[in-house]
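Spelled out, the chains give:
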Amino acid sequence: MSPALADYIAECHSQSDDRLLAELREETAGLGGVSTMQISPEQGTFLSLLVAALGVKAPIEIGTFTGYSALCMARALSGGGKLLCLDVSREWTAIARRYWERAGVAERIELRLGDGAETLAAIPEAPHYDFAFTDADKTGYDRYYELLLPRLRPGSVLVFDNMLWRGRIVEETIDDPDGRAIDTLNRKLASDPRVESVLLPVADGLHVCRKL
Ligand SMILES: C[S@@+](CC[C@H](N)C(=O)[O-])C[C@H]1O[C@@H](n2cnc3c(N)ncnc32)[C@H](O)[C@@H]1O
């Protein structure tokens, strides 16, 4: 995609004038290079749209960082809904908590600190959740997927971020563990009879699946 086309797409979505989201982006940018981990604004809008359109009540997120994606999802939750967020970083999620408070959605979010796979594995295998957004360590994605599936209701949507690996996913040789993990999971999801899936070129690529 050309930079001009990417800029055009980035301009044409709702919430682009949201002050609180913009402030969160500014504060996160102040953290330096790690700020590139934050999802793009149009991905945030896409998550809000999905959560609202599907009437999601019990979403789960793996990889919260400074809380942008969680804020977008929490605002869109159906009445009485609650989002469970998993992350290892106390420092980054402290920023998240401040913005959730300011947005008035702190009561709708539970944050559990610790390794995402360990936290998930400790949750009994029952269909507690109805939406999952995965945006943590890439080599852990397949494990997260396998842990999430039995904990999601049939019909739930799963979204995985960074699935185009900044365009490098089509390189002839992928000699990086993150790239290999993403490529393997993209191909697995596409042929996995437990889900239907589509890989969308939204920002760094969202693989969207529905549990059958
Ligand atoms: C790409 S960022 C998430 C960005 C976030 N979704 C947003 O909208 O800003 C990845 C996050 O995954 C977290 N993380 C890395 N390894 C993890 C693990 N093993 N378990 C849980 N979280 C992990 C990091 O602390 C980091 O905050």
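Computed from a predicted model, the values in this text were never measured in an experiment.

Caption draft 1: Representation of the state of the cysteines within the structure. By the definition in use, this model includes zero disulfides. Not engaged in a disulfide, the cysteine C72 finds its nearest cysteine sulfur in C85; these two sulfurs lie 12 Å apart. The structure places no disulfide on C209, whose sulfur is separated from the nearest cysteine sulfur, that of C85, by 20 Å.

Caption draft 2: Focus on the site of the ligand. S69, D87, D115, G116 and D135 are the nearest of the 20 residues found near the ligand. D137 places a side-chain nitrogen or oxygen 3.4 Å from a nitrogen atom of the ligand. Contacts to the ligand include Y144, whose side-chain N or O atom sits 3.3 Å from a nitrogen atom. Its free accessible area being 610 Å², the ligand has 91% of it covered by the protein chains.

Caption draft 3: Region of the structure containing the pattern of salt bridges. What the rule picks out here adds up to 14 salt bridges. Where E23 meets R102, a salt bridge forms, and the shortest distance between an N and an O atom there is 2.9 Å. Remark: R102 occurs in helix α5 (residues 90-103) and E23 occurs in helix α2 (residues 19-29); sequence separation between them is 79 residues. The class for E23 is partly exposed, based on a relative accessible area of 27%. Measuring nitrogen to oxygen at the nearest pair gives 2.8 Å for the salt bridge that ties E146 to R194. Within this pair, whereas E146 is found in helix α7 (residues 141-148), its partner R194 is found in the loop between α8 (177-191) and β6 (195-200), the two being separated by 48 residues in sequence. Exposure remark for R194: the relative accessible area of 35% places this residue in the partly exposed category. Within this structure, D142, E146, K188, D192 and R194 form a network of salt bridges that share partners.

Caption draft 4: Structural context of helix α3 (residues 41-53). Taking 1.5 Å of rise per residue, 13 residues should cover 18 Å, and α3 covers 18 Å from first to last C-alpha, within 8% of that figure. Along α3, the residues classified as buried are E42, Q43, G44, T45, L47, S48, L50 and V51. Structurally, α3 contributes buried residues whose contacts are with α1 (3-11), α4 (68-76), β4 (129-134), β5 (152-161) and β7 (206-211). Just downstream of α3, G55 is the residue with a positive phi angle, here 65°.

Caption draft 5: Structural detail: the pairing of strand β1 (residues 59-62). Side-chain alternation along β1 places P59 and E61 on one buried face and I60 and I62 on a second face that is also buried. In the sheet, β1 pairs with strand β2 (residues 83-87) via three bridges, with the strands oriented parallel. Bridging across to β2, E61 finds its partner in C85. In this fold, the crossover linking β1 to β2 by way of α4 has right-handed handedness.

Rules of the game
Residues numbered from 1 in each chain as written. Predicted model: local features only at pLDDT ≥ 70, side-chain atom pairs only at ≥ 80, totals over all residues. Heavy atoms only, no water. Disulfide = S-S within 2.5 Å. Near = heavy atom within 4 Å. Polar contact = N/O pair within 3.5 Å; in protein donor to acceptor, adjacent residues only side chain to side chain. Areas by Shrake-Rupley, 256 points an atom, 1.4 Å probe, with all protein chains shown as cover. Salt bridge = Lys/Arg side-chain N within 4 Å of Asp/Glu carboxyl O. Helix = DSSP H or I, 4+ residues; strand = E, 2+ residues; numbered from the N terminus. Buried < 20%, exposed > 50% of the residue type's maximum accessible area, 1.4 Å probe, protein only. Expected span 1.5 Å × (residues − 1). Contact = heavy atoms within 4.5 Å. Pairing = 2+ DSSP bridges. Right-handed = clockwise from strand over helix to strand, strands pointing away.

On their own, these measurements won't tell you what the molecule is for.
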